[in-house]
Amino acid sequence: MLRRHGVYMRREVVVLEDIVKIYRSGSVETPALRGISLKIYEGEFIAIMGPSGSGKTTLLNIMGLLDKPTSGRVYIDGIEVSKLNSGEIARIRNYKIGFVFQSFNLINRLTVLENIEIPLIPRGIPRPKRIQMATNALIRAAGDPSWLPKKPNQLSGGQQQRVAIARAIVGEPPILLADEPTGNLDMASSRIVVKTFQELNKTGSTIVVITHNPEVANCTEKIYVLRDGRLIGEVSPDPSKCILNM
Ligand SMILES: Nc1ncnc2c1ncn2[C@@H]1O[C@H](COP(=O)(O)OP(=O)(O)O)[C@@H](O)[C@H]1O
Ligand SMILES: [Mg+2]
């Protein structure tokens, strides 16, 4: 936290200013985001909800530097991303942002260990250190390092998602973005994923999770509602309706 003028100010880790995204294919234009402004502060745990097609994934991909807006500005830790070259953007993405997807996106021909190591390779970290970091990440995300030599398709969906979370956190990025991470999981596995996110948030991670599931959204601190490419409101979660409390 920054102390300024005698007030503790929370650091803005992600700032979006008037983000517009229009997908163009041939002569067809699909407006996906119609002017989104939003600030995410260090240590927040946020949910984004909204109907299918409302622009949630597009918004998260722009926040995570996987996609570029048609217009508007994205700041990560105060740096305006459009001013950076692709190498600098890749570096920020690698060091500052971890991603978790609904479909896990693990590589089945690699072992669990090799999957988790992936974000460390561009950093030039030597193999023994990578193995140690990957093991620690899997212990944090799953409590069980025995999966390391397995292939992802030998694991259940819930286990694969925990491997994907280990991959997302192995490089200790301050920001974790998750796109419907429990969308393919049963209740028990969803609980474990949410619990892991809460624990990561307690140790300082800033977390944004897209979800259709109110029982997941109600575990966060703030719910943004997206509709037809616009942020239409902010809802206070009801912790008694969090999946961990029912
Ligand atoms: N790559 C793409 N090309 C064209 N249109 C897209 C593309 N990705 C998403 N869209 C459209 O943009 C809108 C928002 O999509 P998306 O961000 O995936 O919404 P959500 O995640 O809320 O379901 C939808 O109308 C969708 O069809
Ligand atoms: Mg989506």
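Further up the page is the structure itself.
These numbers were taken from a predicted model, which means no experiment stands behind them. Sequence positions are assigned chain by chain, starting from 1 and proceeding in written order. Both sets of labels track the order of writing: A upward for chains, 1 upward for ligands. Residue-level local features of this predicted model are given only where pLDDT is at least 70; pairs of side-chain atoms are given and counted only at 80 or more, and the full residue set underlies all totals for whole chains, interfaces and linings.

1. Quick notes on the overall build of the chain
Stated precisely, the cut-off is as follows: Helical segments are the DSSP runs of H or I of at least four residues, strand segments are the runs of E of at least two, and each set is numbered from the N terminus. C-beta atoms are placed from the backbone for every residue, and two residues are taken to be in contact when these atoms lie within 7 Å.
For the chain, the count of helices and strands is 7 helices and 12 strands. Dimensions of the chain along its principal axes, counting C-alpha atoms only, are 55 × 45 × 45 Å. When contacts within the chain are restricted to residue pairs at least 6 apart in sequence, long-range pairs at least 24 apart make up 70% of them.

2. Digging into the sheet that holds strand β5 (residues 45–49)
Going by this rule: At least two bridges found by DSSP between two strands are what make those strands a pair. Axis geometry follows a simple rule: fit a line to the C-alpha atoms, using only the stretch in contact for helices, then measure angles between N-to-C directions, giving values from 0 to 180 degrees.
Taken in spatial order, the 6 strands of this open sheet run β8-β9-β10-β5-β11-β12, and their pairing is mixed. Every interior strand has two partners, whereas the edge strands, β8 (97–101) and β12 (230–235), have only one. Each neighbouring strand pair of the sheet contributes to a mean axis angle of 20°, computed without reference to strand direction. Strand direction decides the pairing type here: β5 and strand β11 (residues 222–227), joined by 4 bridges, are parallel. From the neighbouring strand, Ile46 faces β11, where its bridge partner is Lys222.

3. Focus: the environment of Pro119
The following threshold applies: Buried means a residue has 20 or more other C-beta atoms within 10 Å of its own C-beta, exposed means 12 or fewer, and partly exposed covers the counts in between; C-beta atoms are placed from the backbone.
Within the element layout of this structure, Pro119 appears in the loop between α3 (112–117) and α4 (127–142). You can call Pro119 buried: it has 26 C-beta atoms within 10 Å. Placed 25 residues apart in sequence, Pro119 and Asn94 show a C-alpha to C-alpha distance of 6.6 Å. The contact partners of Pro119, leaving out residues within four places of it in the chain, are Asn94, Arg167, Val170 and Gly171.

4. Comments concerning the sheet that holds strand β3 (residues 12–25)
Strand order in the open sheet formed by 4 strands is β4-β3-β6-β7, and the pairing between neighbours is antiparallel. Looking along the sheet, the strands with just one partner apiece sit at the ends: β4 (28–41) and β7 (79–80). Relative to β7, strand β6 (residues 71–76) is paired through 2 bridges, and the arrangement is antiparallel. Residue Ile76 lies in a different strand from β7, and its bridge partner there is Ile79. Packing against the sheet, helix α1 (residues 56–63) makes contact with β3, β4 and β6, and its axis sits at approximately 125° to β3.

5. So, the site of ligand 1
Applicable threshold: Nearness here has a simple definition: the residue's C-beta atom, placed using the backbone, must lie within 6 Å of the molecule or strand. Here the term charged refers only to Asp, Glu, Lys and Arg, the term nonpolar to Ala, Val, Leu, Ile, Met, Phe, Trp, Tyr, Cys and Pro, and the term polar to all other amino acids, Gly among them.
The local shell around ligand 1 consists of Tyr23, Ser25, Thr30, Ala32, Gly50, Ser52, Gly53, Ser54, Gly55, Lys56, Thr57 and Thr58. With 3 residues, the single largest contributor to the shell around ligand 1 is α1. Residue composition of the shell around ligand 1, grouped by class: 2 nonpolar, 9 polar and 1 charged.

6. Focus: α1
Most of α1 sits inside the fold, with 6 of its 8 residues counted as buried. Looking at α1, one finds that the buried residues are Lys56, Thr58, Leu59, Leu60, Ile62 and Met63. After α1 finishes, the residue Leu65 shows a positive phi value of roughly 65°.

7. A short note on the pairing of β12
Relative to β12, β11 is paired through 5 bridges, and the arrangement is antiparallel. Bridging from a neighbouring strand, Val225 pairs with Gly233 of β12. Between β11 and β12, which pair antiparallel and follow one another directly, the connecting turn spans 2 residues, one of which, Asp228, has a positive phi of 50°.

8. Brief notes about α4
Applied cut-off: Each residue after the first adds 1.5 Å to the expected span of a helix. What the arc measures is the spread of directions leading from the helix axis to the C-beta atoms.
With 16 residues, α4 should cover 22 Å at 1.5 Å per step; its first-to-last C-alpha distance of 22 Å lies within 8% of that length. Along α4, the residues classified as buried are Arg130, Met133, Ala134, Ala137, Leu138, Ala141 and Ala142. Projected down its long axis, α4 carries its buried residues within an arc of 135°, all on one side. Facing away from the buried side of α4, by more than 90 degrees, are the exposed residues Pro128, Lys129, Gln132 and Ile139. Against α3, α5 (157–169) and α6 (187–202) lie the buried residues of α4. After α4 finishes, the residue Gly143 shows a positive phi value of roughly 70°.

9. Some details on the packing of α4 against α5
Inclusion rule: When describing relative orientation, an angle under 35 degrees is termed roughly parallel and one over 145 degrees roughly antiparallel, while 65 to 115 degrees is termed roughly perpendicular and anything else oblique. Crossing handedness is read from the near helix: turned anticlockwise from the far helix by less than a right angle, it gives a left-handed crossing, and turned clockwise, a right-handed one.
Relative orientation of the contacting elements α4 and α5 amounts to 130°, with a least axis distance of 8 Å. By the criterion of interaxial angle, the relationship of α4 to α5 is oblique. Regarding α4 and α5, the two cross each other, and that crossing is right-handed. The residues of α5 that touch α4, namely those facing Ala137, Leu138, Arg140, Ala141 and Ala142, are Arg162, Val163, Ile165, Ala166 and Ile169. Here the residues of the contact of α4 with α5 are counted per class, giving 8 nonpolar, no polar and 2 charged.

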